[in-house]
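Observations on the three-dimensional arrangement
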Amino acid sequence: MAMGWQEVRDEALRRIRARDWPPGARIPDEAALAGELGCTRVTVNRALRDLAEAGLLERRRRGGTRVPLTPVRRATLSIPIIRQDIAERGQEPGYRLLSDRLEPGGAEARAALGDGPLRHVLALHTADGAPYCLEDRWLTPAVAEGVDFAEVSANEWLVGHVTYAEAHLSFGALTADTALTEALDCPPGAALLLLERSTRAETPITWVRLIYAPGHRVDAGL
């Protein structure tokens, strides 16, 4: 099975840390790495670009890719895959698509993605069969045209297939109304964690509200 870009990135990072690729060294070109690792050049390009965005490689037109003499780690937003988050907590992840349709977005979705019909995907993630997170997502229709989110969540598909250049993230709280009480199987008025995130490349990609069941905790490392 061919390596994915995350696996190529991890191997490149291992070589940097082990000084197989020492500071200042020019690393093999993409074609050579693709042949060595048994993957496509596109996969290698995606992996090296990710490391360059993190400040761990320097990429120069006609100058190749080098390990910087003084790497500078940049603050980056890593978008987690909800299914993996649940599994890492030692629980069995589940997923159910609730609706997927084109419709006019609300004011917040239009502000993030623009006017016109937007793809609205509503899905429920579960942990050991209990509601874990409601994924209320709006997409620019062309981003995932033809993709069926019945089997794989929009969250997971986007992380694996779409590269973003800019993201905005905010946290807040919601009080469970009738719809959220039913969706998340929680008492009316329960306090719920809300995460809102928008991403874009040259054009907008998605705006999502992730609403977590009561008791959810976010751990972050710096």
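For the structure itself, consult the block above.
These lines cover the structure that appears in this document, whether it is placed above or below. (Residues numbered from 1 in each chain as written. Predicted model: local features only at pLDDT ≥ 70, side-chain atom pairs only at ≥ 80, totals over all residues. Heavy atoms only, no water.)

Focus: empty space enclosed by the protein
The line we're drawing: Here the term cavity refers to a set of points on a 1 Å grid, laid over the protein atoms alone, in which a 1.4 Å probe fits but cannot get out; the term pocket refers to an open set having protein on both sides within 12 Å along at least five of seven lines, with lining residues being those that place an atom within 4 Å of a point. Grid points are joined across faces, edges and corners, and a volume is the space filled by probe spheres set on the points. By definition, any uninterrupted DSSP run of H or I lasting at least four residues is a helix, any uninterrupted run of E lasting at least two residues is a strand, and each is numbered from the N terminus. Classification used: nonpolar for Ala, Val, Leu, Ile, Met, Phe, Trp, Tyr, Cys and Pro, charged for Asp, Glu, Lys and Arg, polar for all others including Gly.
Under the definition given, this model contains one cavity of 30 Å³ or more. Reported here for the largest cavity is a volume of approximately 30 Å³. Around the largest cavity sit Val-8, Glu-11, Ala-12, Arg-15, Trp-21, Leu-33, Leu-37 and Leu-48, which together line it. Counting residues per element, the ones that place at least two in the lining of the largest cavity are helix H1 (5-17) and helix H2 (30-37). With four residues, H1 is the largest single contributor of residues to the lining of the largest cavity. Of the residues that constitute the lining of the largest cavity, the class distribution is six nonpolar, no polar and two charged.

Concerning the nonpolar core
Inclusion rule: Nine residue types can take part in a nonpolar core, namely buried Ala, Val, Leu, Ile, Met, Phe, Trp, Tyr and Cys, and a core is a set of them joined through side-chain atoms within 4.5 Å. Only protein chains enter the accessibility calculation, which uses a 1.4 Å probe; a residue whose area is less than 20% of its type maximum is buried, one above 50% is exposed, and one in between is partly exposed. Residue contacts follow a heavy-atom distance rule, with two residues in contact if any of their heavy atoms lie within 4.5 Å.
Core analysis: the biggest nonpolar cluster contains 19 residues, and Trp-21, Ile-27, Val-44, Leu-48, Leu-51 and Leu-57 have the highest contact counts within it. Elements with a contribution of two residues or more to this core: H1, H2 and helix H3 (41-53). If one sorts the elements of this core by residue count, H3 sits on top with five residues. Leaving out residues up to four positions away in the same chain, Leu-48 has contacts with Ala-12, Ile-27, Glu-30, Leu-33, Leu-57 and Arg-59. With ten residues, the next largest nonpolar core counts Leu-124, Leu-180, Cys-186 and Ala-190 among its residues.

Structural notes on the pairing of strand E5 (residues 130-139)
Note on strand geometry: in a regular strand, side chains alternate between the two faces of the sheet. Cut-off, in case you're wondering: By this definition, two strands are paired if DSSP reports at least two bridges between them.
Where burial is concerned, most of E5 is hidden: eight out of the ten residues are buried. Pairing of strand E4 (residues 117-127) with E5, which is carried by nine bridges, proceeds in the antiparallel orientation. The residue of E5 that forms the bridge with Val-121 is Arg-137. Where E4 folds back on E5, the antiparallel hairpin that results is connected by two residues, among which Asp-128 adopts a positive phi of roughly 55°.

With respect to the packing of H2 against H3
What counts is decided by this rule: For helices, the axis comes from a line fit to the C-alpha atoms of the stretch in contact; other axes are also lines fit to C-alpha atoms, and the angle between any two N-to-C directions lies between 0 and 180 degrees. The labels follow the angle: roughly parallel below 35 degrees, roughly antiparallel above 145, roughly perpendicular from 65 to 115, and oblique for the rest. Should the near helix be turned anticlockwise from the far one by less than a right angle, the crossing is termed left-handed; should it be turned clockwise, right-handed.
Close contact between H2 and H3 brings their axes to 8 Å; oriented N to C, the two are set at 110°. With respect to each other, H2 and H3 are oriented roughly perpendicular. For the pair H2 and H3, the sense of crossing is right-handed. Contact residues: Glu-30, Ala-31, Leu-33 and Ala-34 in H2; Arg-41, Val-44, Asn-45 and Leu-48 in H3.

Some details on the layout of surface pockets
One number sums up the size of the second largest pocket: a volume of about 190 Å³. Of all the elements in the fold, those that place two or more residues in the lining of the second largest pocket are H3, strand E1 (58-60) and strand E2 (64-66). Broken down by class, the residue content of the lining of the second largest pocket amounts to three nonpolar, two polar and six charged.

Brief notes about the pattern of salt bridges
Between side chains of opposite charge, a pair can form when the charged atoms approach closely. Stated formally: Put simply, a salt bridge is a Lys or Arg side-chain nitrogen that is within 4 Å of an Asp or Glu carboxyl oxygen.
Taken as a whole and judged by the stated rule, the model has 16 salt bridges. Ionic pairing is found between Glu-156 and Arg-83, a salt bridge with its closest N-O pair at 2.6 Å. In this pair, Glu-156 sits in helix H6 (residues 154-161) while Arg-83 sits in helix H4 (residues 82-88), placing the two residues 73 residues apart along the sequence. Salt bridges sharing common partners tie together Glu-11, Arg-14, Arg-15, Asp-20 and Glu-36.

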